[in-house]
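Secondary and tertiary structure notes
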Amino acid sequence: MTTPQHPPVAASPLALGRLFSGATGRRVTGVSLVVLAAYVGTIVTANWASTHWSALLVGVVAVPAGTLWAGATFTLRDMLHECLGPRGVLAAIAAGAGLSWLLASPQIAMASVLAFTVSELVGSIVYGRLRAWSVLGAVIGSNMVGLGIDSVLFVPLAFGSFAFVPGQILGKTVATVLTVAVLVAATAVRRAVRA
């Protein structure tokens, strides 16, 4: 009896594109691969910063170091929704949860996987429901829901108290404002170029 041969896993962006294309039923483009890489990169950076850096003090509010990076994942998730569809987002969330587990301290990893998975799934559902009304409204709505859920779940599990929740919410709100501003500016530029 022979053992079945499995095709080699290719690491090229083109192979990754084919993999996600099959998983999502959508054509994967260079833009979607860039958004996917940015999404995964922000997850890695957020967990690394939360594990290795001290909290930042903004006035009297303590903001965990990975908060701004974690906040950027919400808008990137919504962009992935546009590029890869809901099934592609689920695959990216699974990849992000796996990376969280591998790259952070055990306590941060456990908190991150739970909070990240729940907030990203709920945020993705909110985005899908609001998208028909307004893409920008869907991004803002899903970010607000996601950052609230993520903060309330992550902080007590990662740090043992609710003390950092206000800082988490502040930092993720700032990240939402910044990423939405970038989206609005990019849309305006694209419309100006087309005109």
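Residues numbered from 1 in each chain as written. Predicted model: local features only at pLDDT ≥ 70, side-chain atom pairs only at ≥ 80, totals over all residues. Heavy atoms only, no water.

Some points on the overall build of the chain
A count of helices and strands for the chain gives six helices and two strands. In the chain, the succession of α and β elements from N to C terminus is α-α-β-β-α-α-α-α. Residue burial in the chain is summarised as follows: out of 195 residues, 40% are buried. A sequence separation of at least 24 residues applies to 70% of the contacts in the chain between residues at least 6 apart. Taken as a whole, the chain presents about 10500 Å² of accessible surface, with 73% of it coming from carbon and sulfur. (Helix = DSSP H or I, 4+ residues; strand = E, 2+ residues; numbered from the N terminus. Buried < 20%, exposed > 50% of the residue type's maximum accessible area, 1.4 Å probe, protein only. Contact = heavy atoms within 4.5 Å. Areas by Shrake-Rupley, 256 points an atom, 1.4 Å probe, with all protein chains shown as cover.)

Things to note about the nonpolar core
If you look at the biggest cluster of nonpolar residues, it comprises 14 residues, and the most contacted ones within it are Val-35, Tyr-39, Leu-80, Leu-84, Ala-92, Ile-93 and Phe-116. Those elements that provide at least two residues to this core are helix H2 (30-52) and helix H3 (67-103). Sorting elements by how many residues they give to this core places H3 first, with eight residues. Among residues more than four places away in sequence, those in contact with Phe-116 are Tyr-39, Ile-43, Ile-93, Gly-96, Ala-97, Ala-111 and Asp-150. (Core = buried A, V, L, I, M, F, W, Y, C linked by side-chain atoms within 4.5 Å.)

Looking at a nonpolar patch on the surface
Taken together, the side chains of Leu-56, Val-58, Leu-68, Leu-170, Val-174 and Leu-178 present a nonpolar region at the surface, about 490 Å² in accessible area. Listed by contribution, the elements that provide at least two residues to the nonpolar patch are strand S1 (56-58) and helix H6 (165-194). Residue contributions to the nonpolar patch peak at three residues, all from H6. Tracing the chain through its elements places Leu-56 in strand S1. Leu-56 gets classed as partly exposed once you look at its relative accessible area, which sits at 46%. (Patch = residues over 30% accessible without salt bridge, like charges linked within 9 Å, V, L, I, M, F, W, Y side chains within 5 Å. Salt bridge = Lys/Arg side-chain N within 4 Å of Asp/Glu carboxyl O.)

Topic: the confidence of the model for the chain
This prediction gives the chain a mean pLDDT of 80; 87% of its residues lie at or above 70. Within the chain, helix H1 (residues 13-24) has the poorest average pLDDT of any element, 40, and helix H5 (residues 135-159) the best, 91. Considering only residues more than four positions removed or in separate chains, one finds that residues 1-24, a stretch of pLDDT under 50, has 20 contacts. (pLDDT = per-residue confidence, 0-100.)

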